[in-house]
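Examining the three-dimensional arrangement
Each chain, letter by letter, is given below.
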Amino acid sequence: MPNTYPNYINGEWRTPASTFENRNPANTSEIVGLFAKGTAQEVNEAADAAQAALAGWAGMTAPARGALLFKVADILERKFDQLGEEMTREEGKTLPEAKGEVRRAINIFRYFGGEGSRMPGFLVPSERDRVQMFAIRKPIGVVGLITPWNFPIAIPAWKLAPALICGNTVLLKPASASPLSAWRIVEACHEAGIPKGVVNFIAGSGGTIGEALVKAGPLKAVSFTGSCEVGNWLHAEASKRRLRIQLEMGGKNPTIVLADADFNAAVENVANAAFFSTGQKCTATSRVIVEEAIYDKFLDALVARTKKLTVGDGMKPGIDIGPAVDQGALDTILKYIEIGRQEAGAPLAGGNRLTGGDYDKGYFVEPTIFAGVTENMRIAQEEIFGPVLAVMKAKDFDDAMKIANNIPFGLSASVQTSNVSRVFEFIHRMEAGLLTVNLPSAGVEYQLPFGGTKDSSFGPKEQGPAAFEFYSDYKTVYLKY
Ligand code: NAP
């Protein structure tokens, strides 16, 4: 019998009236857990509990809040192996990738725990005699956090830790496809002794909970990561109440490969960024734009490398790529492969759902490459969120930049080159929030601002010192002595 994971409201684990299943996408006969189907009433109770807990939590010193975040990190670290395995079982990414993500969540709690002793404000000289002026940070209040399935522990961590260190109280709504990793963070918060009502967890359908959450009276802000469709709806709803809002949404990220790049490293970086985590990273490369002079050679090498990638259950050693997260994701990937066939002809690698033997148990699909893709094809413009790569030819660097920027999205982008001037041209001209040079487009750390531009994002950036901009307000003081 699978475990049941209840919602957590006002410091109590609520026995659920009804539950939904969290299944392993590599083996759909395995139920990873049963999760409570949250209701609008629970959302309102949680919002009231968070409001009631706010004064006490905000009134605690920031270093004391930081000490509790350190405890959360220690608890997560004690369960490191278990958390990695659970994530692979609920989301499908390979065990090394899952453990890397757990490590990142631990580091995030330590990083923001440390910020409790810094809590950056301003202290500047006044033009007036014996006037002291400064600005301190204050929490904004009750914050709703809505997270996607693809980074089931890192994204809840990078929203929750800065929200808490700033003194806010929260309602966390995890993705229904992978709620267990977020639940483990909340369990760690409980075990660490974070006071009741400060952290509340409500699983269940986004349609039901999302609407109740955005309408909950005490709510002051919403931080959301997920699709553009839901993000845009939330933005409209939140604006009606003037809620503060932060949206991290879709992408269609390019990697530009120039003729002067370290060839083998570029092949490896593109294969990694396009296909690892089944192409389900928001920063994954889904368009590679290759300079004409090396186009054929690069394409051959990339296809050869891609054909060597092994797809399978991420729990097994030697697997490079796990399954798509669920039937809906698989259907979308297969739909776009069909669109790709019509637009660009037969794929040079992949193109099929994997079947037979253990493949029949899950949502496995071959890493797929379409070549000769042009700018306005749907597979060059629309987010697929799977292991499907569009390869495009550019005449030169300027042409590559034009193609790269011809897109409504602006999350991440990468250039592979050994020419330092081109590197800086890329940095200045690329319309994206996250840039990498001679690295995969995916693979960010937590110490710097994270987020995109154009249709990919809205509101202040996440992570690093930038996280304070969303989760706190300034209070500015002029003091005559
Ligand atoms: P999604 O369908 O938008 O879901 C994201 C979250 O929103 C889930 O918790 C979902 O709950 C919830 N939700 C659904 N409908 C809602 C509503 N009406 N009101 C409030 N919440 C609602 O996105 P996803 O499929 O989980 O994630 C994939 C997308 O996330 C991709 O577009 C990807 O690019 C994007 N992403 C972006 C970043 C970034 O940093 N820019 C990072 C990761 C992922 P349910 O699960 O219950 O439906």
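Residues numbered from 1 in each chain as written. Predicted model: local features only at pLDDT ≥ 70, side-chain atom pairs only at ≥ 80, totals over all residues. Heavy atoms only, no water.

As for the layout of surface pockets
- The calculated volume of the largest pocket comes to roughly 1000 Å³.
- Taken together, 39 residues make up the lining of the largest pocket; nearest its centre are Pro-148, Trp-149, Gly-226, Ser-227 and Val-230.
- Taken together, the elements giving at least two residues each to the lining of the largest pocket come down to α7 (206-215), β11 (219-225), α8 (228-240) and α11 (327-344).
- In terms of residue class, the lining of the largest pocket is built from 22 nonpolar, twelve polar and five charged.
- A domain-level breakdown of the lining of the largest pocket finds at least three residues from each of domain 1 (4-249 + 456-480) and domain 2 (253-437).
- Considered as a void within the structure, the second largest pocket measures approximately 360 Å³ in volume.
- In terms of lining, the second largest pocket is formed by 22 residues, of which the most central are Arg-104, Phe-151, Lys-281, Gly-443 and Val-444.
- For the lining of the second largest pocket, the leading source of residues is helix α4 (residues 95-115), giving six residues.
- When residues of the lining of the second largest pocket are assigned to domains, at least three fall in each of domain 1 (4-249 + 456-480) and domain 2 (253-437). (1 Å grid on protein atoms, 1.4 Å probe; cavity = no way out; pocket = protein on both sides within 12 Å on 5 of 7 lines; lining within 4 Å. Points joined across faces, edges and corners; volume = space filled by probe spheres on them. Helix = DSSP H or I, 4+ residues; strand = E, 2+ residues; numbered from the N terminus. Nonpolar A, V, L, I, M, F, W, Y, C, P; charged D, E, K, R; others polar. Domains from an automatic or database assignment.)

Re the site of the ligand
- Close contacts around the ligand come from 29 residues, with Thr-147, Ser-176, Ser-227, Met-249 and Glu-383 the closest.
- The contact in question runs from an oxygen atom of the ligand to an N or O atom on the backbone of Thr-147, over 2.7 Å.
- One of the side-chain N or O atoms of Ser-227 is found 2.6 Å from an oxygen atom in the ligand.
- Burial of the ligand by the protein amounts to 86% of the accessible area it has alone, namely 900 Å². (Near = heavy atom within 4 Å. Polar contact = N/O pair within 3.5 Å; in protein donor to acceptor, adjacent residues only side chain to side chain. Areas by Shrake-Rupley, 256 points an atom, 1.4 Å probe, with all protein chains shown as cover.)

Things to note about the environment of Tyr-5
- As for its placement among the helices and strands, Tyr-5 is situated in strand β1 (residues 4-5).
- Separated by 70 residues in sequence, Tyr-5 and Ile-75 place their C-alpha atoms 18 Å apart.
- Those residues in contact with Tyr-5, other than ones at most four positions away along the chain, are Val-32, Gly-33, Leu-34, Phe-35, Ala-36, Leu-180, Trp-183 and Arg-184.
- A distance of 3.4 Å separates polar atoms of two side chains, one belonging to Tyr-5 and the other to Asn-3. (Contact = heavy atoms within 4.5 Å.)

Thoughts on empty space enclosed by the protein
- Tallied over the full model, the rule gives two cavities of 30 Å³ or more.
- Taken as a whole, the largest cavity spans an internal volume of roughly 80 Å³.
- Surrounding the largest cavity, 14 residues form its lining, Gly-279, Lys-281, Ala-284, Ser-286 and Phe-385 being those nearest its centre.
- Class assignment for the residues of the lining of the largest cavity results in six nonpolar, six polar and two charged.
- If you list the elements that add at least two residues to the lining of the second largest cavity, you get β13 (253-257) and β17 (409-410).

Considering the pairing of strand β18 (residues 412-416)
- Most of β18 sits out of view: five of its five residues are buried.
- Side-chain alternation along β18 places Ser-412, Ser-414 and Gln-416 on one buried face and Ala-413 and Val-415 on a second face that is also buried.
- Two elements, β13 and β18, share three bridges in a ladder whose sense is parallel. Each bridged residue has a counterpart across the sheet, and for Thr-255 the counterpart in β18 is Ser-414.
- Here β18 pairs with strand β19 (residues 434-437) via four bridges, running parallel. Bridge assignment links Ser-414 to a residue of β19, and that residue is Thr-436.
- The parallel pair β18 and β19, bridged by helix α14 (residues 420-429), forms a crossover whose chirality is right-handed. (Buried < 20%, exposed > 50% of the residue type's maximum accessible area, 1.4 Å probe, protein only. Pairing = 2+ DSSP bridges. Right-handed = clockwise from strand over helix to strand, strands pointing away.)

A short note on the sheet that holds β13
- Strand order across the open sheet formed by six strands is β15-β16-β14-β13-β18-β19, with parallel pairing between neighbours. The open sheet has two free edges, formed respectively by β15 (368-370) and β19, since each of these has just one partner strand. Sheet twist, expressed as the mean angle between neighbouring strand axes with direction ignored, is 20°.
- Running over the sheet, helix α10 (residues 295-307) touches β13, β14 (285-291), β15 and β16 (388-394) and is turned about 170° from β16. (Axes fitted to C-alpha atoms, helices over the stretch in contact; angles between N-to-C directions.)

Focus: the packing of aromatic side chains
- According to the stated counting rule, one finds 13 aromatic pairs in the structure shown.
- Judged by centre distance (4.4 Å) and plane angle (40°), the ring pair of Tyr-8 and Trp-13 falls under tilted.
- Trp-13 sits in the partly exposed class, given a relative accessible area of 29%.
- Measuring from centroid to centroid gives 5.7 Å for Tyr-111 and Tyr-446, while their planes differ by 70°, and the two rings are edge-to-face. With Tyr-111 in helix α4 and Tyr-446 in the loop between β19 and β20 (453-454), this pair connects stretches of sequence that are 335 residues apart. (Phe/Tyr/Trp six-rings, centres within 6.5 Å; stacked < 30°, edge-to-face > 60°.)

Observations regarding the side chain of Glu-375
- By the secondary structure assignment, Glu-375 is in the loop between β15 and α12 (378-381).
- Leave out the neighbours within four places in its chain, and Glu-375 touches Ala-380, Gln-381, Met-392, Lys-402, Ile-403 and Asn-406.

Focus on a nonpolar patch on the surface
- Taken together, Val-420, Phe-424, Ile-427 and Leu-435 make up a surface patch of nonpolar side chains, about 340 Å² in accessible area.
- No other element matches α14, which puts three residues into the nonpolar patch.
- Along the chain, the position of Ile-427 falls in helix α14.
- Among the residues examined, Ile-427 registers a relative accessible area of 36% and is labelled partly exposed. (Patch = residues over 30% accessible without salt bridge, like charges linked within 9 Å, V, L, I, M, F, W, Y side chains within 5 Å. Salt bridge = Lys/Arg side-chain N within 4 Å of Asp/Glu carboxyl O.)

Concerning the packing of helix α2 (residues 62-78) against α4
- Running from amino to carboxyl end, α2 crosses α4 at an angle of 165°, the nearest separation of the two axes being 7 Å. Relative to α4, α2 is oriented roughly antiparallel. The two elements α2 and α4 meet at a crossing, and its hand is left-handed. Contact residues: α2 offers Gly-66, Leu-69, Phe-70, Val-72, Ala-73, Asp-74, Leu-76 and Glu-77, while α4 offers Arg-103, Ile-106, Phe-109, Arg-110, Phe-112, Gly-113 and Gly-114.
- Counted by class, the contact of α2 with α4 contains eight nonpolar, three polar and four charged residues. (Parallel < 35°, antiparallel > 145°, perpendicular 65-115°, else oblique. Left-handed = near helix turned anticlockwise from the far one by under 90°.)

Quick word on the domain arrangement of the protein
- Assigned domains within the protein: domain 1 (4-249 + 456-480) and domain 2 (253-437).
- Placing a centre on the C-alpha atoms of domain 1 and another on those of domain 2 gives a separation of 31 Å.
- Contacts between the two partners involve 22 residues from domain 1 and, on the opposite side, 25 residues from domain 2.
- Of the roughly 1900 Å² buried where domain 1 meets domain 2, counting both sides, 63% is carbon and sulfur surface.
- Between domain 1 and domain 2 we count zero salt bridges in total.
- Our count for the domain 1 to domain 2 interface comes out at seven residue pairs in polar contact (both at pLDDT 80 or more).
- Every element with two or more residues in the side of domain 1 that touches domain 2 is listed here: β5 (27-36), α3 (80-91) and α4. (Buried area = accessible area lost by both parts, 1.4 Å probe.)

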